[in-house]
Amino acid sequence: MLKDIVRTKTYQNVITQSSFLIKDKIVLDVGAGTGILSLFCAKAGAKHVYAIECSQMADMAKEIVNTNGYSNVITVIKGKVEEIELPVPKVDVIISEWMGYFLLFENMLNTVLYARDKWLAEDGVVLPDRCSLHLTAIEDADYKEDKIEFWNNVYGFDMSCIKKQAMMEPLVDTVDANQIVTNCQLLKTMDISKMTSGDASFTVPFKLTAERNDYIHALVAYFNVSFTKCHKLMGFSTGPKSKATHWKQTVLYLEDVITICEGETLTGSMTVSNNKKNPRDIDIKLKYLLNGQRSQVSRTQFYKMR
């Protein structure tokens, strides 16, 4: 993740170029990892940074902070946000890199919201403060053949029962922008400074319009991250038309191969919810409909991100 330049440089630029958000402020770094965001904040003049990390990496973070001479500014706290107490009643800034694949898979959003409600001052700032989920459709015959249709004939044996399972598992991979067949649509925007944990479960409609005659094999989801409190809007996109990040994109293969003509619309809805057994997992329900010149299709599919 440190080598993900898009991610790390954006955070660095936000902190250094909008230092008025950080300078002389008390900062809380949620899920600090190596402490890189805490180090950026300390270097930008933070009054004090509390870096919370529950994994063994907290021990490394302490050593990194000491090695770089910031032990008087950064306090690394090992433990879960929900179980620790800070030595201060309030913080001015909460910074975190909480996003997961598909934005919400294995994410730390609820932890950030818990920290916000417990410690953030009334006029405090959450960084980043806005995230949005987007959807588009792609032609992907070769990969679908390799990943899904493969199970129809495995060395002469029918293993198509596994095909059903494979269809239910979204694929995290890098999509070539040339594969995109339709427009890209905004599905959901989340304001991290105001939302509640329940807002991460939702049903939203979509309408994707074909920009050329082609086939659709899959829908692709990606997210954008924004820092709106800076002097100028800063952020990054994990979309197929942007520079690649470690989040890549999330590919949802369709049971149907859809033939779509330019100007026709694929409509439907997407329902996203936390899995009841494991809240870090995501359940996705996809409904789609096309009444086109060459394809008429109406189907509901279910996906599980595990």
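Shown above is the structure to which this text applies.
Anyway, here's the lowdown on the structure attached to this text. (Residues numbered from 1 in each chain as written. Predicted model: local features only at pLDDT ≥ 70, side-chain atom pairs only at ≥ 80, totals over all residues. Heavy atoms only, no water.)

Points about the overall build of the chain
The condition that has to hold: Going along the chain from the N terminus, every DSSP run of H or I of four or more residues is numbered as a helix, and every run of E of two or more is numbered as a strand. Buried residues are those whose accessible area, probed at 1.4 Å on protein chains only, stays under 20% of the maximum for their type, while exposed residues exceed 50% and partly exposed ones sit between those limits. Contact between two residues is taken to exist if any of their heavy atoms lie within 4.5 Å; hydrogens are not considered. Accessible areas in this description were obtained via Shrake-Rupley with a 1.4 Å probe; residue shielding takes into account the shown protein chains only. For the purpose of counting charges, residues Lys and Arg are taken to be positive, whereas Asp and Glu are taken to be negative. His and the chain ends are not included. Note on charges: their place is set at NZ of Lys, CZ of Arg, CG of Asp or CD of Glu.
Across its full length, the chain holds six helices and 15 strands. Over its C-alpha atoms, taken along the principal directions, the chain stretches across nearly 65 × 40 × 30 Å. Scored against the burial criterion, the 306 residues of the chain give a buried share of 52%. Sequence separation of 24 or more characterises 73% of the internal contacts of the chain that already satisfy a separation of 6 or more. When the accessible surface of the chain is summed, it comes to about 14,700 Å², and 49% of that surface belongs to carbon and sulfur atoms. Counting 36 positive and 36 negative side-chain charges, the chain places the averaged centre of each group 4 Å from the other.

Quick notes on the sheet that holds strand 1 (residues 26-30)
Note the threshold: By this definition, two strands are paired if DSSP reports at least two bridges between them. Every axis corresponds to a line fitted to the C-alpha atoms, with the helix fit spanning only the stretch in contact, and the corresponding angles, defined between N-to-C directions, vary from 0 to 180 degrees.
Taken in spatial order, the five strands of this open sheet run 3-2-1-4-5, and their pairing is parallel. With one partner strand each, in any of the chains shown, strand 3 (74-78) and strand 5 (120-127) form the two edges of the open sheet. Geometrically, the sheet is characterised by an average inter-axis angle of 20° between neighbouring strands, direction not taken into account. Bridge analysis of strand 2 (residues 48-53) against strand 3 gives five bridges, and the strand direction is parallel. Bridging across to strand 3, valine 49 finds its partner in isoleucine 74. Against the sheet, helix 3 (residues 57-67) touches strand 2 and strand 3, its axis set at about 165° to strand 3. Across the sheet, helix 4 (residues 109-119) is in contact with strand 1, strand 4 (91-96) and strand 5; its angle to strand 5 comes to roughly 155°.

Remarks on the state of the cysteines
Selection rule: By disulfide we mean two sulfur atoms from cysteines, separated by a distance within 2.5 Å.
Within this structure, the stated rule accounts for zero disulfides. Here cysteine 41 is not disulfide-linked; the sulfur of cysteine 230 is the nearest cysteine sulfur, at 12 Å. The exposure class of cysteine 41 is buried, given its relative accessible area of 0%. No disulfide involves cysteine 184; its sulfur sits 18 Å from the nearest other cysteine sulfur, which is in cysteine 131.

Section: the side chain of serine 18
Relative to the elements of secondary structure, serine 18 occurs in the loop between helix 1 (5-17) and strand 1. Leave out the neighbours within four places in its chain, and serine 18 touches Asn13, Cys230, His231 and Met234.

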